[in-house]
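# Chain and residue survey
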Amino acid sequence: MSDKPLVSIIIPNYNKGKYLPETLASVFKQGYTNWECIIVDDGSTDEHTLQVLRGIKHDKVSVVFSANKGVSAARNQAVALSRGKYIVPLDADDLIADSYLAETVSVIEGDPSIKVVNTKVQLFGHKTGTMALPPYNLQTLLARNTMVVTALFRKTDFVATGGYNVNMRKGFEDWDFWLSFLADGGRVHTIQKPLFSYRIVKNSRNHSLTPGDLKALRYSIYENHIALYQRFLLDPAESFEYDLLRNSLDYRIGRLLAKPLRFLLRR
């Protein structure tokens, strides 16, 4: 038996058979060997995906088939079945670097005050590049999600939090989770290496949200964490709504049109 703590990698899956083998390959390449992987299929309807799932034969990987209940319920079910001291959520189309488990476990084992270990992010797919996560601050997290879903944390902390909110089916469930997880304090340590690769896909769930969806989800975040919002003053310039406005086409066109006017006013 290994003297290193067991890590449970939980993978929710819905019709991601196209990407799942690559995701699992990144798990199999881990230098840190004391891990288990639990895949909860959330009612996939794609036959190729079902064939991929049925073909998985690995002594460290468990596949569970479930009715479609949403990604939050799938993650919660996977954690309930897990045996690890630590949890790493990993979506079925993303990747972790070969040293991901070794480096994140080393950090959290060395400092009990650290509650979450994440890393810089490598983007791939429809968009490429490296994304650095901003320094963690709970007040900023109230304004916008500054965390990625793939991070390492203790299972005991997950249980104390109550898991992912199954009512957040349209999105923001990871943001909602981190607010619950970190509401009572704890440090977040970010490894300054891109050890997590996030796939950018056209027409993803987040990109298909309507303004009405975004408004409803934002209100749900507020309702779910009203005690936190009463404790901290929200900086509007940090809000995700401000980012949406600043990056919108209308805003960029408005700035271009305003340039000649600003030049005339300075004369």
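## Observations concerning the overall build of the protein chain
Summing up its helical and strand segments, the protein chain has 11 helices and nine strands in all. Per-residue burial over the protein chain gives 45% buried out of 267 residues. Partitioning the contacts of the protein chain with sequence separation of at least 6, the portion at a separation of at least 24 is 80%.

## A word on the environment of Ser-8
Within the secondary structure, Ser-8 is located in strand S1 (residues 7-13). Given a relative accessible area of 0%, Ser-8 falls into the buried group. The spacing of Ser-8 and Lys-85 is 77 residues in sequence and 7.6 Å in space, taken between C-alpha atoms. Apart from the residues lying within four places of it in its own chain, the contact partners of Ser-8 are Glu-36, Ser-82, Arg-83, Gly-84, Tyr-86, Ile-87 and Val-88. A distance of 2.5 Å separates the side chain of Ser-8 from the side chain of Glu-36, its partner in a polar contact. At 2.9 Å, the side chain of Ser-8 forms a polar contact with the backbone nitrogen of Gly-84.

## Overview of the packing of aromatic side chains
Following the criterion strictly, the structure yields 15 aromatic pairs and no others. Here the aromatic rings of Phe-196 and Tyr-198 are separated by 6.4 Å at their centres, their planes lie at 45 degrees, and the arrangement is tilted. Assessed through its relative accessible area of 33%, Tyr-198 is described here as partly exposed. For Arg-75, the ring lying beneath its charged end belongs to Tyr-164, and the centroid distance is 5.0 Å.

## Examining helix H8 (residues 211-224)
When the terminal C-alpha atoms of H8 are compared, their 20 Å separation across 14 residues agrees well with the 20 Å that a helix rising 1.5 Å per residue should span. Within H8, burial applies to Asp-213, Leu-217, Arg-218 and Ile-221. Seen along its axis, H8 keeps its buried residues to an arc of 130 degrees; they face one direction. Counted as exposed and oriented over 90 degrees from the buried face of H8: Pro-211 and Lys-215.

## Details of the packing of helix H7 (residues 173-182) against H8
The geometry of H7 relative to H8 is characterised by a closest axis approach of 11 Å and an angle of 15 degrees between their N-to-C directions. Of the possible angle classes, the one that applies to H7 and H8 is roughly parallel. H7 and H8 meet at a crossing whose hand is right-handed. Contacts from Trp-175, Asp-176 and Leu-179 of H7 reach H8 at Arg-218, Ile-221 and Asn-224. Looking at the contact of H7 with H8 residue by residue, the classes come out as three nonpolar, one polar and two charged.

## Quick look at the nonpolar core
In terms of nonpolar packing, the biggest core is built from 34 residues, with Val-7, Ile-9, Ile-11, Leu-20, Cys-37, Ile-39 and Leu-101 touching the most fellow members. The set of elements that each furnish at least two residues to this core consists of S1, helix H1 (20-28), strand S2 (35-42), helix H2 (47-54), strand S4 (86-89), helix H4 (100-109), strand S6 (114-125) and strand S9 (187-200). The contact partners of Cys-37, leaving out residues within four places of it in the chain, are Ile-9, Ile-11, Leu-24, Lys-60, Val-61 and Ser-62. The next biggest cluster of nonpolar side chains, apart from the first, holds 32 residues, and it includes Val-40, Val-116, Ala-151 and Phe-158.

## So, the pairing of S1
Of all the seven residues making up S1, seven are buried; the element is thus mostly covered by neighbouring parts of the structure. Both faces of S1 are covered, namely the face carrying Val-7, Ile-9, Ile-11 and Asn-13 and the face carrying Ser-8, Ile-10 and Pro-12. Where S1 lies against S2, seven bridges are found, and the strand directions are parallel. Directly across from Asn-13, in S2, lies its bridge partner Asp-41. For the handedness criterion, the β-α-β arrangement of S1, H1 and S2 is classed as right-handed. Relative to S4, S1 is paired through four bridges, and the arrangement is parallel. In the sheet register, Ile-9 faces S4, and the bridge partner there is Val-88.

Conventions adopted
Residues numbered from 1 in each chain as written. Predicted model: local features only at pLDDT ≥ 70, side-chain atom pairs only at ≥ 80, totals over all residues. Heavy atoms only, no water. Helix = DSSP H or I, 4+ residues; strand = E, 2+ residues; numbered from the N terminus. Buried < 20%, exposed > 50% of the residue type's maximum accessible area, 1.4 Å probe, protein only. Contact = heavy atoms within 4.5 Å. Polar contact = N/O pair within 3.5 Å; in protein donor to acceptor, adjacent residues only side chain to side chain. Phe/Tyr/Trp six-rings, centres within 6.5 Å; stacked < 30°, edge-to-face > 60°. Lys NZ or Arg CZ within 6 Å of the ring centre and 35° of its normal. Expected span 1.5 Å × (residues − 1). Arc of directions from axis to C-beta. Axes fitted to C-alpha atoms, helices over the stretch in contact; angles between N-to-C directions. Parallel < 35°, antiparallel > 145°, perpendicular 65-115°, else oblique. Left-handed = near helix turned anticlockwise from the far one by under 90°. Nonpolar A, V, L, I, M, F, W, Y, C, P; charged D, E, K, R; others polar. Core = buried A, V, L, I, M, F, W, Y, C linked by side-chain atoms within 4.5 Å. Pairing = 2+ DSSP bridges. Right-handed = clockwise from strand over helix to strand, strands pointing away.

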